[in-house]
Amino acid sequence: MNYIWCGMLLLGITYGILTGNVQQVTEAAIASSREAISLCITMAGVTAFWVGLMKIAENSGLVKTLASKFRPVLKFLFSRLPEESRAKEYLSLNMISNMLGLGWAATPAGLKAMEALAALEEERRTTDRGVASNEMCTFLIINISSLQLIPVNIIAYRSQYGSVNPTAIVGPGIMATAVSTLVAVVFCKVMDRRKRRV
């Protein structure tokens with residue numbers, strides 16, 4: 001990926017020099033750098049906000065309540081995960097946040113879930129050190145497919161950039177993410193059965 005980005009940058013700069021647009025290339029590089037720094041600061045602030053919110057939800061018992069409501073789904077997806085595992089709380093929070101389109105809230109919960117799953121795998125020692133467990137792979141695939149009922153971030157972006165109907169994305173978004181999640185679940189179950197047979 002680094003080679004691709006490096007190649008694209010060099011190609012653009014070379015083209016700008018050959019066509020006599022060095023000034024525009026320089027201005028674009030400065031403007032892009034300014035925008036990148038601004039975006040990083042914004043992302044750091046928003047991430048800090050959601051991490052703090054997750055900690056409040058955890059301390060107030062909200063995470064445990066959500067985990068108990070989400071238990072049937074987790075039992076189906078992660079059948080070998082122990083009932084008392086803390087990972088279930090974080091898995092629930094991550095999945096619910098993704099469904100509501102709150103990716104900023106889902107990310108810290110997802111990282112915590114991976115840490116808990118890694119700790120559980122360390123206790124079991126069923127795979128080689130550094131090899132992802134079945135639960136970790138399943139979570140990653142489900143997280144990437146990410147069923148979204150209300151894509152809050154996309155609606156906000158569309159509204160910010162002047163869309164006439166920012167919520168028009170909701171219907172197509174639900175359909176697309178429902179299909180991707182269904183495919184992800186089927187894939188995980190098929191691979192899990194194949195692994196058990198080996």
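Refer to the preceding data block for the structure.
Residues numbered from 1 in each chain as written. Predicted model: local features only at pLDDT ≥ 70, side-chain atom pairs only at ≥ 80, totals over all residues. Heavy atoms only, no water.

**Quick notes on the side chain of Glu89**
Operational definition: Only DSSP runs of H or I reaching four residues or more are called helices, and only runs of E reaching two or more are called strands; each is numbered from the N terminus. Only protein chains enter the calculation, and the probe is 1.4 Å; a residue is then buried if its accessible area is under 20% of its type maximum, exposed if over 50%, and partly exposed in between.
As for its position among the elements, Glu89 is in helix α5 (residues 87-99). With relative accessibility at 10%, the residue Glu89 sits in the buried group.

**Focus on the nonpolar core**
Quick reminder of the rule: Throughout, nonpolar core names a set of buried Ala, Val, Leu, Ile, Met, Phe, Trp, Tyr and Cys residues whose side chains join them through atoms within 4.5 Å.
One finds Phe78, Leu81, Leu91, Met95 and Leu117 to be the most contacted residues of the largest nonpolar core, which totals 19 residues. Per element, the largest residue contribution to this core is five residues, and it comes from α5.

**What to know about the packing of α5 against helix α7 (residues 134-145)**
Under the convention used in this document: For helices, the axis comes from a line fit to the C-alpha atoms of the stretch in contact; other axes are also lines fit to C-alpha atoms, and the angle between any two N-to-C directions lies between 0 and 180 degrees. Our angle categories are set so that under 35 degrees counts as roughly parallel, over 145 as roughly antiparallel, 65 to 115 as roughly perpendicular, and the remainder as oblique. In a left-handed crossing the near helix is turned counterclockwise from the far helix by less than a right angle, and in a right-handed crossing that turn is clockwise. Residue contacts are counted whenever heavy atoms from the two residues lie within 4.5 Å of one another.
α7 packs onto α5 with a crossing angle of 15 degrees between their chain directions and a minimal axis gap of 10 Å. Relative to α7, the element α5 lies roughly parallel. For the pair α5 and α7, the sense of crossing is left-handed. For the pair α5 and α7, the contacting residues are Leu91, Asn94, Met95 and Asn98 in the first and Phe139, Ile142 and Asn143 in the second.

**Structural notes on the environment of Ser146**
Tracing the chain through its elements places Ser146 in the loop between α7 and α8 (152-160). It is 6.3 Å that separates the C-alpha atoms of Ser146 and Thr177, two residues lying 31 residues apart in sequence. Setting aside anything within four residues of it in sequence, one finds Ser146 in contact with Asn98, Thr177 and Thr181.

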